[in-house]
Amino acid sequence: MNTILQLMLANEVSLWDLTKTVLSTPWPNYQPIKDSLQQHAVDICCLLFSSVGCREIVFSWAFEIVDLSSKCNGLHFKASKMTSTQLEDSFMRTLVLKIKKVAPNILADLLKKMVICACIFAQNSNERCNTLQCIFSIFLHSSGVPQRVIDVLAHAGFSISTQSIMTAIKSLSKEAGVQIKRAVQTLTTALAYDNFNIDFKTAQPTIEHQSQFVSSTSATAIPLYGVDDPAVLCCSQEIRQHELSGVVRASLAAGKLTAKDLRIFHQEHSYGMALPGQQRSPCEENFAWHVRNILLNHGEHFDFLKHQNGNPAIVNTIPLHKMTQIPCRVMPIKQSTTDGNIEVMDSLLRQGGIGECEDVNFDPQYNVDMSEHVLLVHGDLLTKERLDAIVKSRRIEDTPKRRFQHVVFVPGLFHFKMACADALWRMWIQPQAG
């Protein structure tokens, strides 16, 4: 043994280099040595731990866990002050970076799955070090996991208690309310809403405990991209004056539509005009592209020409940007009725903290007057029908808000396409009666 040690010193080969080479080499000649190391791995650790010079180094990971669980390292979550920003971040990446900074010896040989173990160890050392547990608990709650399952996971160190989850939800709801008002009160935010149904089934229904079918409405606030000045939407009275003029309405009633009437809705622009040196306008070029695309994709003899068609010309492209949405509070309102849409709009205005000075609950200190502005509202075709009925029935009201003068409905792209398809069906495809 002494001769081997002397040879290692003479050749500047450390015991670590020798061990690493033996464990990583693929040569079968060294397999017996590798098996011996693996069989005595526990004995080697115990021997290192019993050595005075190695004890602190071997046990350093435990001290790193204690250091990791301290408040200064940012892994403490307080359920009563939880914010949506903490949920939106990539918490696994954040944990890896923090553990790598505070406890490099732990992360040196661990994968991401082992980061979870490190978080559980840290939470066991300090119960306030609960980043992983809080994020995981919110996920369990949003997924509808039964309470008894969450309680079991909380006892195992994977989750926080059910009461703490409810506290975190209240904190998130409070923050969401502030975000909704901050966005809507700029008067440059659109609103979109639609109904959803939930069937609460009972495993063993009785007369006292029966299944329930609940119809509610969800909504979201969407800040308008590129609209920074609310003055551009201060046109409620102007729109009303156009409606009262009745020029287009009279033409529709008489069954006569002229080009002059249509210019009110469609402004002239260069898209419909041929450029110098070209025979067709950009609009006609795109129409031609769509005709070719139909022939190539739905015809039987033009497959070999598909690669020559290319893409249609881009018109009024919208710059690529990240859209922000602020979910509004769910409303227990049946939105399919006319009265339901009135309640939904009133509720959204209250959540956003906007109204008009004539409202009973209007507070100038906390609310914003929107009587001269319009709001873009998105929804399906049934929502449009209901809102149109509301506007028509409230024309005689004395304030813009009561007349629903602020509502400018913009159908979603899917519903717009469905309306176009329905129009084509009714005009050209539907069999004539008789």
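Rules and cut-offs
Residues numbered from 1 in each chain as written. Predicted model: local features only at pLDDT ≥ 70, side-chain atom pairs only at ≥ 80, totals over all residues. Heavy atoms only, no water. Helix = DSSP H or I, 4+ residues; strand = E, 2+ residues; numbered from the N terminus. Buried < 20%, exposed > 50% of the residue type's maximum accessible area, 1.4 Å probe, protein only. Contact = heavy atoms within 4.5 Å. Areas by Shrake-Rupley, 256 points an atom, 1.4 Å probe, with all protein chains shown as cover. Axes fitted to C-alpha atoms, helices over the stretch in contact; angles between N-to-C directions. Parallel < 35°, antiparallel > 145°, perpendicular 65-115°, else oblique. Nonpolar A, V, L, I, M, F, W, Y, C, P; charged D, E, K, R; others polar. Phe/Tyr/Trp six-rings, centres within 6.5 Å; stacked < 30°, edge-to-face > 60°. Salt bridge = Lys/Arg side-chain N within 4 Å of Asp/Glu carboxyl O. Disulfide = S-S within 2.5 Å. Expected span 1.5 Å × (residues − 1). Pairing = 2+ DSSP bridges.

## Quick notes on the overall build of the chain
Looking only at helices and strands, the chain features 20 helices and seven strands. The burial tally for the chain puts 28% of its 434 residues in the buried class. Partitioning the intrachain contacts of the chain with sequence separation of at least 6 by distance along the chain shows that 63% fall at a separation of at least 24. With the model as given, the accessible surface of the chain reaches about 30400 Å², and the carbon-plus-sulfur share is 60%.

## Some remarks on the packing of helix H18 (residues 338-352) against helix H19 (residues 381-393)
Put simply, H18 and H19 touch, their axes get as near as 9 Å, and they point 85 degrees apart. Here H18 lies roughly perpendicular to H19, going by the angle between them. Facing H18, whose interface residues are Thr338, Asn341, Ile342 and Met345, H19 presents Thr383, Arg386, Leu387 and Ile390. For the contact of H18 with H19, the residue count by class is four nonpolar, three polar and one charged.

## Section: the packing of aromatic side chains
Under the counting rule described, the total for this entry stands at one aromatic pair. Geometrically, the ring pair formed by Phe136 and Phe139 is stacked, given 6.4 Å between the ring centres and 20 degrees between the ring planes. Of this pair, Phe136 and Phe139 both sit in helix H11 (residues 131-142), three residues apart, which is roughly one turn of that helix.

## Overview of the pattern of salt bridges
Pairs can form between side chains of opposite charge once their charged atoms are near each other. Tallying each qualifying case throughout the model produces six salt bridges. The shortest N-O distance in the salt bridge between Asp303 and Lys306 comes to 4.0 Å. The exposure class assigned to Lys306 is partly exposed, which follows from its relative accessible area of 39%. The partner of Asp359 in a salt bridge is Lys401, and the shortest N-O contact between them spans 3.8 Å. One end of the pair, Asp359, is in the loop between strand E4 (354-355) and strand E5 (368-369); the other, Lys401, is in the loop between H19 and strand E7 (407-411), and 42 residues separate them in sequence. A residue is classified by how much of its surface remains accessible, and Lys401, at 15% relative accessible area, is buried.

## Some thoughts on unusual backbone geometry
The backbone phi angle of Leu187 is positive, close to 60 degrees, even though this residue is not glycine. As for its position among the elements, Leu187 is in the loop between helix H13 (162-184) and strand E1 (189-200). Despite not being glycine, Phe404 shows a phi value in the positive range, around 55 degrees. Looking at the secondary structure, you find Phe404 in the loop between H19 and E7.

## Some thoughts on the state of the cysteines
Under the counting rule described, the total for this entry stands at zero disulfides. Of all cysteine sulfurs, the one in Cys235 lies closest to Cys234, which takes part in no disulfide; the gap is 7.4 Å.

## Topic: the packing of helix H2 (residues 15-24) against helix H3 (residues 31-39)
A packed helix pair is summarised by two numbers, namely the angle formed by the two axes and the spacing between the axes. H3 packs onto H2 with a crossing angle of 110 degrees between their chain directions and a minimal axis gap of 9 Å. Comparing the axis directions of H2 and H3 gives the class roughly perpendicular. Contacts between H2 and H3 involve Thr19, Val22 and Leu23 on the former and, on the latter, Ile33, Lys34 and Leu37. Of the residues in the contact of H2 with H3, the class split is four nonpolar, one polar and one charged.

## Some details on H18
Helix length check: H18, at 15 residues, gives a terminal C-alpha distance of 21 Å against a target of 21 Å (1.5 Å per residue), a fit within 8%. Regarding H18, the residues found buried are Gly340, Asn341, Ile342, Val344, Met345, Ser347, Leu348, Leu349, Gln351 and Gly352. Positive phi shows up at Gly353, right after H18, with a value of about 70 degrees.

## Observations concerning the sheet that holds strand E3 (residues 326-327)
What the five strands build is an open sheet, ordered E3-E2-E1-E6-E7; its pairing is mixed. At either end of the open sheet lies a strand with only one pairing partner, and these are E3 and E7. Where E1 meets strand E2 (residues 212-223), 12 bridges bridge the pair, whose relative direction is antiparallel. Bridging across to E2, Leu191 finds its partner in Ala221. Contacts from H19 reach E1, strand E6 (375-379) and E7, with the element oriented near 160 degrees to E7.

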